[in-house]
Each structure stands twice: as structure tokens, then as C-alpha cells.
Amino acid sequence: MRTWIQSCRKNHDACNWDLESFLPSRLLDLQAFQTGQDVKLVSLRTEDFDDQQFQPEYVTLSHCWGPPENRPVTTTKANLKDRMNRISIDELSNTFRDAVRITRELGERYLWIDSLCIIQDDGDDWAREAALMAKIYGQSFCTLAALDSKDSTEGCRLVSDIQNIGNFLEFDSGDSKNDRFSYRIRIFEDEPREWHEEYGDNPYRHRDYGNHPLRTRAWTLQERELSRRNIHFGKDQMLWECRELKASTQLPWHHKKPEDDFEQWPIRNQLFEDLAPGGSVQMRDRWYGLVEDYSFRRLTNETDKLPALSGLAQNFQHAVPQAEYLAGIWSTHLPAALLWRTRYTARRPMSYIAPTWSWASIVGNITYESQRLIDTGGRFEERPQESHFDCDFGNLSVERISTRPKHNDKYGAILSASLSLNGALLTNIDSNPQLWRLEHDYHGGCQANLTKDGVVVGMFYLDVLDEMPYTKELFCLKIRAEPHTSQVSRPSELFEGEVGDLVMGLVLTKEIGNGIHVSNQYSRIGLARWVTMSLFESSRPSTVTLL
Ligand SMILES: [Zn+2]
């Protein structure tokens, strides 16, 4: 761990350039007492350290809280004074004790743990610190992630015997006197495990995301993504992750390679869009990817859906300075960002979290697969013009968007939101409930045929099964043309006609207020694909307000 950190500090520009003088409101001081292992809470202020060079560093912990009976020790209004005085090491659960030990051995004095550094029964303190998450993790020296521990009693699972992970021979080669020309070579008996295989963050290669307890929790996504350095404590080995290197106990010097960091084939909406690494298209795909990963994760409180992502959103804003953040969607990604669909079975939350046009209105897994093309080889190669890179949004326009934040934080929880679009709206469409299919395979979810006058005209992916529209009137708002090389293949019953003559859109119902239809107000209930474009020809442009 020390070698990874030293080398990252010394050699990685990307990991060191954006350090600011920032300190969380409270930290655990691990060197408060001359003797013994005890620690205490301290409040340090950046202005107390005049020299930037001597700003104290701190380590952060990412961990699962676990079920109520195994909850970690916390700081409350009642015990804050005691905690500022002394915290006995024996009071700390295994994971915290491991974190204290590792932090000390790394030569660091301060540690930030959410349950101890935020006053848990003080709503104001909690809201203030939660809004600072981007900074707390972003400015942390290193994050220790108890990846494979389902609660705080399980410790960091420090793996002591590297032989557990397979036999290998090791020898040094090259010029041992000169760092730059010396090599260490390991020869493995069995093929070493890939980083992503160990961590489990590649649903496209490994069918699903991994099931390490920590990566199934919603809050921990931003803890990982915001940290400049992460040390993940896995089942069999430790994993290192910084902005320039991914490595493991097995392959400690493994440099991040493109094939390790699987990237989606980026889809661009217009020919002129820039496919450069870090460019707008890549950043849009990255957001889609983050949201998909996030939707797989669980929350103890459903209403934390937007707050648990707010640090990441706040951070992402730097990449999309012109965009407005709208309940989990960026305004500059509209209207294509509306084309998500649910996977497996999903439901609506118990209380209002987000408008129906946002993926955040769903409790369950969502995917942006409709926006992905088949990777035909080279990653960023130019494709011939005739392959219809230009995404035809027709005359669709975004007329008005509004969101009402619940607190002051525009990235946090919201009270309401609406989106007005003007475009081609298809009326009098139907879906035959007898033909509903529940799919439990990789592309699972609930799908049905969309019909007009008894004829199948497209496919309908329902957001939530309970919202099966037996009696409701259905509408379809055209969003964009179907791409020629979609990652999802067209169902066999829709094989008639050219792909170029098909569109995707949203399936809507009229919003019902006090038992009566409110004019022009609609709810989204699903995604429509491969809908016959010519049906929209006779429709007049309509303005629909989605709630
Ligand atoms: Zn680094």
C-alpha cells in the first residue's frame, strides 16, 4: 500500500493537480494520545495552518453500515462532547479499528468516517456535511474501501497471505541500481484475475455487476468515484485504484490499459460531435454508465435517491458547465437522455422522488442500452457518412423545464419537476395485455407489442409492471430515429421495413388530477422502440408537459 501511494504521489500528475486546502468539519485524530490506541474527534480549520504545504491530510473510509443490530458506533448530539474528548479503541467495530491501524501505518494522522464525523441525529449537520461529500472524498488523501464487508463488524479483511491467490515465481531483472531500468517479473501458475473481475464493475463483460457488499450500496458509488485514490479490500486480494493506475495484490504494477477499462461504443447524435477521449460524447456516455451502475445499488432510505448521487453530480457539473441538472438528467443530454428503460422488474418509490421522465423515479435497474451502438472494432474510428450517424430528432424541441429543489441544494432531493416538449404525438395506440411478455434474460424487463387499429406498429417496454395500462389511453411521443447499428436487435415480429423508417419514443398516459384529465399533462409509463415512422406523418405538433 505504501509503495502504491508513494509512487502515485511522485509520478502521477493526474492524481495530484487539483488539491485544495479543505478539511471536513470533524476528523478523528489518531495521534491524540501519547500512549495507547485511543482516538478522538477534532475540529480543525484550514486557516489554522498558514502554510499550504503543511495542510493536514486525511484518509477516508467507505464501508457498509449493515443491519440495525450491527450498526457502527456513531456520534450524536448527546455524545459529541465525549467523542471530542476521547474514543476508546475498544468501542470501535472491527472495520473502524482496521481503518485506524492502516491509516496509522501509512503514516497519516487523521481519518474521516461518516458515522463518527457527522452528528447523526442532527438534520442540519447531516445536510451540510452530505452537501460537502464531493470535497470530503475528492480532497481525501486516500479512501480505504471495505469492499467485501457487509457490516462494520467484519473488518477490512486484510489479506495476509498473497499465496491464497495462486502460486507464482518472482524475480528481479534489469538494472537493480537504477529504478527506471529495473523490473520485477511474476510468473503465475494460473492466469491472474482481472481487476474488473475482482471488483465486479463491468456488467457487459461479466453479465452483471459484482456482488461485493460495498458495491451494492448506493452511497458508496460517489465515495469511490470522487476519491483520487482507493484501496479496495476484496475477498481474496487488495485492489488499488487511482486516476492513472489500477493494480492488485497479484499484479501490483499493472498499468491501466484500455482493455481493462472497458468503454462503451460511444453514440453521437450529430456527425460533428467530438468522439475524443474526455470529450462531450464520452462524458455523456460516462454519465449514462454511472447512472446505470447507481440504479443497481440499494438505499436504506428510498428518498436518498438523488441526495446519495449529489456529490457526484456536483463534481460532474465541471465537465458540463452549460448544463442544468434535472432530477438525475443533464439538460444538454436531452432529449436522448429520456430514452432509458428498466431491466428486470422495477417499481415506483413509496413517496415522490423524481418526475416520471427521470430514471430516478424508478426503484430498480435501468439501462441506456437504446443509446448504444454495436462496437464494430476500433473505438474512436470515424465511420462512413452513410451509416446515419446523424440522429434525427425531427422537429422535437424542449420548451420548458423546471425543477423545485427540496432544500437549497439543486443536486439534492426535489419537490416537483416538469418538462415540456413539442413534437409529434401519436394518439389512439394500444397494447394487447395478452401479448405481454416478461423477459428474465440479460435484456430483461416487461415488453409488449404496441398496436394501432389492431396492427403491430412497435415495441413497448413498460417502466413498471403494475402500471399495465388496461384501460388507459396511450400516446407515443416521437423522440428520435432508430440507429442502424443498435446494440439491441430488433424483435423478429418487427422485421418488416427499413430501420431508417423506424423511431423510438416515450409511451405516455394522461396525468389524472382529482379524477379528471389535465390537459397536456402526461406521465411516462415506458419506452417505445421500432415504431413505424410514417404513423407520425399525420400528427400535428403538440406540446406535452411531462410530470
Ligand atoms: Zn495515481
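Structure shown above.
Described in the following lines is the structure provided in the data block. Predicted model, so just to flag it, every value in this text is computed and none were measured. (Residues numbered from 1 in each chain as written. Predicted model: local features only at pLDDT ≥ 70, side-chain atom pairs only at ≥ 80, totals over all residues. Heavy atoms only, no water.)

### Looking at the coordination of the zinc ion
Let me state the cut-off plainly: Donor criterion used throughout: N, O or S atom within 2.8 Å of the metal, extended to 3.2 Å for Na, K and Ca. Water excluded; incomplete-looking sites may result. Geometry is assigned from donor-metal-donor angles: four donors are tetrahedral when every angle falls between 85 and 135 degrees, four are square planar and six octahedral when opposite donors sit over 155 degrees apart with all other angles between 65 and 115, and any other arrangement is irregular. Strands here mean DSSP runs of E at least two residues long; helices mean DSSP runs of H or I at least four residues long; both are numbered from the N terminus.
Coordination sphere of the zinc ion, protein contribution only: Cys8 (SG), His12 (ND1), Cys15 (SG) and Cys242 (SG), at 2.0 to 2.3 Å. The site at the zinc ion holds four donor atoms, and with the angles between them running 99 to 120°, its shape is tetrahedral. Counting the intervening residues between successive donors of the zinc ion yields the motif C-x3-H-x2-C-x226-C. Of this pair, His12 sits in the loop between helix H1 (2-11) and strand S1 (27-29) while Cys242 sits in strand S9 (residues 238-242), placing them 230 residues apart in sequence.

### Here's the deal with the pattern of salt bridges
Our working definition: By salt bridge we mean one thing: a side-chain nitrogen of Lys or Arg within 4 Å of a carboxyl oxygen of Asp or Glu. Under the scheme applied here, a residue whose accessible area is under 20% of the maximum for its type counts as buried, over 50% as exposed, and between as partly exposed, the area being computed with a 1.4 Å probe on protein chains only.
Going through the model one piece at a time under the given rule, you end up with 26 salt bridges. The salt bridge involving Glu129 is made with Arg128; its shortest N-O contact spans 3.9 Å. Judged by relative accessible area, Glu129 falls into the buried class, the value being 0%. You can call Arg128 partly exposed: its relative accessible area is 46%. Where Asp293 meets Arg297, a salt bridge forms, and the shortest distance between an N and an O atom there is 2.8 Å. The burial state of Asp293 is the same as that of Arg297; both residues are buried.

### A short note on the sheet that holds strand S4 (residues 110-112)
The strands that make up a sheet are held in pairs by hydrogen bonds between backbone atoms, and each pair lies either parallel or antiparallel. Note the cut-off: One bridge is not enough; two strands pair if DSSP finds at least two bridges between them. Fitted lines through C-alpha atoms give the axes, limited to the stretch in contact for helices. The angle between two N-to-C directions lies from 0 to 180 degrees. A contact between two residues is defined here by any heavy atoms of the two lying within 4.5 Å.
A sheet is described by the order of its strands in space; here eight strands give the open sequence S2-S1-S4-S3-S5-S8-S9-S10, paired in mixed fashion. Two strands in the sheet have a free side with no partner beyond their single neighbour: strand S2 (40-42) and strand S10 (246-248). Neighbouring strand axes in the sheet, compared pairwise and without regard to direction, differ in orientation by 25° on average. Strand contacts of H1: strand S5 (142-145), strand S8 (229-233), S9 and S10, with the helix running at about 10° to S9, the strand carrying the most contacts. With respect to the sheet, helix H8 (residues 219-226) is in contact with strand S3 (58-62), S8, S9 and S10, its orientation differing from that of S8 by roughly 130°.

### Regarding the environment of Glu170
The test is simple: Polar contact criterion, stated in full: a pair of N or O atoms within 3.5 Å, where within protein one must be able to donate a hydrogen and the other to accept it, and residues adjacent in sequence count only if both atoms are side-chain atoms.
With respect to the helices and strands, the residue Glu170 is situated in strand S6 (residues 168-174). Overall, the relative accessible area of 35% leaves Glu170 in the partly exposed class. Taking the C-alpha atoms as reference, Glu170 lies 5.6 Å from Ile185; in sequence the two are 15 residues apart. In contact with Glu170, not counting residues within four places along its chain, are Arg184, Ile185, Arg186 and Trp253. At 2.4 Å, the side chain of Glu170 forms a polar contact with the side chain of Arg186.

### Here's the deal with empty space enclosed by the protein
Going by this rule: Points on a 1 Å grid over protein atoms alone make up a cavity when a 1.4 Å probe fits among them but cannot get out, and a pocket when they form an open set with protein on both sides within 12 Å along at least five of seven lines; lining residues each have an atom within 4 Å of a point. Grid points are joined across faces, edges and corners, and a volume is the space filled by probe spheres set on the points. Here the term charged refers only to Asp, Glu, Lys and Arg, the term nonpolar to Ala, Val, Leu, Ile, Met, Phe, Trp, Tyr, Cys and Pro, and the term polar to all other amino acids, Gly among them.
Scanning all chains against the criterion turns up one cavity of 30 Å³ or more. Here the largest cavity defines a volume of roughly 50 Å³. Along the walls of the largest cavity sit Ser62, Thr143, Ala145, Tyr199, Leu214, Thr220, Glu223, Arg224, Asn230, His232 and Arg297, which together make up its complete lining. Mapped by element, the contributors of at least two residues to the lining of the largest cavity are S5, H8 and S8. Take the lining of the largest cavity: its biggest share by element is three residues, from H8. The class makeup of the residues in the lining of the largest cavity is three nonpolar, five polar and three charged.

### A few points about the packing of aromatic side chains
Our working rule: We call Phe, Tyr and Trp rings a pair once their centres come within 6.5 Å, taking the six-membered ring for Trp, and we label the pair stacked below 30 degrees between planes, edge-to-face above 60, and tilted otherwise.
Within the structure shown, the criterion is met by 15 aromatic pairs. Ring geometry for Tyr325 versus Trp330: centroids 4.8 Å apart, planes at 50°, classification tilted. In this structure Tyr325 comes out as buried when scored by relative accessible area, which is 6%. For Trp330, a relative accessible area of 0% corresponds to the buried category.

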